[in-house]
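Next come the chains, spelled out residue by residue.
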Amino acid sequence: MAAASYEVDLRTLDEFPARELYDLLRIRVDVFVVEQNCPYPELDGKDVDALHLRLLEGAELMGAARILKPHEPQDPSKIGRVVVSPAYRGKRLGDALMREAITACERLYPEHPIALSAQAHLRRFYESFGFVGTSQEYLEDGIPHIDMIRQPATQPA
């Protein structure tokens with residue numbers, strides 16, 4: 001199936017109107033906590049300093065991802081909380097989300113690698129975007145994960 005058309009929105013937590021923030025947090029809880037039957041602290045304190053990337057069809061939230069900036073010059077930026085609404089699955093929005101998140105990281109933090117903690121069954125998906133494994137599999141909240149990194153598109157001179 002072809003990718004759906006969408007609008008990209010990237011903003012900080014403080015820039016969200018209440019209803020849009022509710023929709024973002026709801027999709028994450030619905031998928032990561034309820035659907036994956038994984039009780040864990042979804043509201044982990046990192047959203048306050050993050051950028052939130054959303055794919056929208058009008059006012060409808062199709063998918064989202066969270067981008068964390070590097071804290072130190074040698075640190076990577078991080079992509080996490082990559083989620084597609086169940087109503088929009090099968091339209092290659094996971095691919096679109098990753099392309100948009102990588103593009104945002106490269107634009108905002110061009111000299112930094114990009115890191116993520118991938119659910120292990122999605123390793124090949126992330127490898128298709130240039131990520132490589134940097135750890136053995138480990139359990140995070142009862143789900144097998146692997147740390148992955150993608151080097152900057154252009155290495156500093």
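Residues numbered from 1 in each chain as written. Predicted model: local features only at pLDDT ≥ 70, side-chain atom pairs only at ≥ 80, totals over all residues. Heavy atoms only, no water.

S.K.: Mind showing me how you'd approach helix H2 (residues 93–108) here?
M.R.: For an α-helix, the turn length of 3.6 residues means that residues three or four places apart are oriented alike. For H2, spanning 16 residues, the distance from its first C-alpha to its last is 22 Å, which sits close to the expected 22 Å at 1.5 Å a residue. Among the residues of H2, those classed as buried are Leu93, Gly94, Asp95, Ala96, Leu97, Met98, Ala101, Ile102, Ala104 and Cys105. (Helix = DSSP H or I, 4+ residues; strand = E, 2+ residues; numbered from the N terminus. Expected span 1.5 Å × (residues − 1). Buried < 20%, exposed > 50% of the residue type's maximum accessible area, 1.4 Å probe, protein only.)

S.K.: It is not clear to me how the pairing of strand S4 (residues 77–84) should be interpreted in this structure. Could you clarify?
M.R.: The side chains of a regular strand alternate between both faces of the sheet. Sheet topology note: the strand S3 (residues 60–68)/S4 ladder contains five bridges and is antiparallel. Following the sheet pairing, Ala64 is matched in S4 by Val83. Handedness of the crossover is the feature at issue here: the chain leaves S4, passes through H2, returns alongside strand S5 (residues 114–119), and the resulting connection is right-handed. (Pairing = 2+ DSSP bridges. Right-handed = clockwise from strand over helix to strand, strands pointing away.)

S.K.: What should I look at first to understand the environment of Lys78 in this one?
M.R.: For Lys78, the position within the fold is in strand S4. Taking the relative accessible area as the measure of exposure, Lys78 reaches 41% and is therefore partly exposed. Separated by ten residues in sequence, Lys78 and Leu68 have C-alpha atoms that sit 4.9 Å apart. Other than its neighbours up to four places away in sequence, Lys78 contacts Arg66, Ile67, Leu68 and Ala115. (Contact = heavy atoms within 4.5 Å.)

S.K.: Whenever I open this one, helix H1 (residues 18–35) confuses me. Can you help?
M.R.: Between its terminal C-alpha atoms H1 stretches 24 Å, which fits the 26 Å expected from 18 residues at 1.5 Å a residue. Along H1, the helix axis deviates most sharply at Val29, where the bend reaches about 30°. Along H1, the residues that are buried comprise Leu24, Ile27, Arg28, Val31, Phe32 and Val33. Elements that come into contact with the buried residues of H1 comprise strand S2 (51–57), S3 and S4. (Bend = angle between axes of the 7 residues up to and from the residue.)

S.K.: I'm lost on the nonpolar core in this one. Help?
M.R.: What tends to happen in soluble globular proteins is that the nonpolar side chains get buried as a cluster. Judged by nonpolar contacts, the single largest core of 26 residues is most densely connected at Ile67, Ile79, Met98 and Phe131. Ile79 has contacts with Arg66, Met98, Ala101, Ile102, Cys105, Ile114, Ala115, Leu116 and Phe131, leaving out every residue within four places of it along the chain. Core analysis: the second largest hydrophobic core is formed by 13 residues, Phe32, Val33, Tyr40 and Leu61 among them. (Core = buried A, V, L, I, M, F, W, Y, C linked by side-chain atoms within 4.5 Å.)

Such coordinate-based values are descriptive only and should not be taken to indicate function.
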